[in-house]
Amino acid sequence: MTKAELIEKIAKDADIPKATAKVAFDSALGGIKQGLKKRNSKVTLVGFGTFKNVYRKTRMGRNPQTGEAIKIKGRSVVTFKPSKNLP
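What you are looking at is a predicted structure, and each value in this text was computed from that prediction instead of being measured.

Spatial strand order, β1-β2-β5: 3 strands in an open sheet with antiparallel pairing. Where the open sheet ends on each side, the last strands, each with one partner, are β1 (42–45) and β5 (75–82). On average, each strand axis in the sheet is inclined to that of its neighbour by 20°, with strand direction left out of account. Here β1 pairs with strand β2 (residues 49–56) via 4 bridges, running antiparallel. Within the sheet, the bridge partner assigned to L45 lies in β2 and is G49.

Now the structure itself:
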């Protein structure tokens, strides 16, 4: 399902114009993004799941073509753990 399809479904279910549904959807996504800005923060949507911002440490890896050892920089990544109620 695409963003446009989600907005269309929200507009139909809430009986509101698509433009209003788009603003509401963008606001919800903006809120989730804002909640995940800090390291080790999380956003929980009850009945859906939890988004968590975690930091992956610097580690050593291998170039698959040459077998040469390379250093992989540490970085922040967002993980998602679905709710038990999510099919």
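Right, let's talk about helix α2 (residues 18–35) for a bit. Compared with an ideal rise of 1.5 Å per residue, which puts 18 residues at 26 Å, α2 spans 26 Å between its outermost C-alpha atoms and is within 8% of the ideal. Looking only at α2, the buried set comprises A21, F25 and I32. Across the axial projection of α2, the buried residues extend over an arc of 30°, all falling on one side. Opposite the buried face of α2, by more than 90 degrees, sit the exposed residues A19, V23, S27, K33 and Q34.

Analysis parameters
Residues numbered from 1 in each chain as written. Predicted model: local features only at pLDDT ≥ 70, side-chain atom pairs only at ≥ 80, totals over all residues. Heavy atoms only, no water. Pairing = 2+ DSSP bridges. Helix = DSSP H or I, 4+ residues; strand = E, 2+ residues; numbered from the N terminus. Axes fitted to C-alpha atoms, helices over the stretch in contact; angles between N-to-C directions. Expected span 1.5 Å × (residues − 1). Buried < 20%, exposed > 50% of the residue type's maximum accessible area, 1.4 Å probe, protein only. Arc of directions from axis to C-beta.

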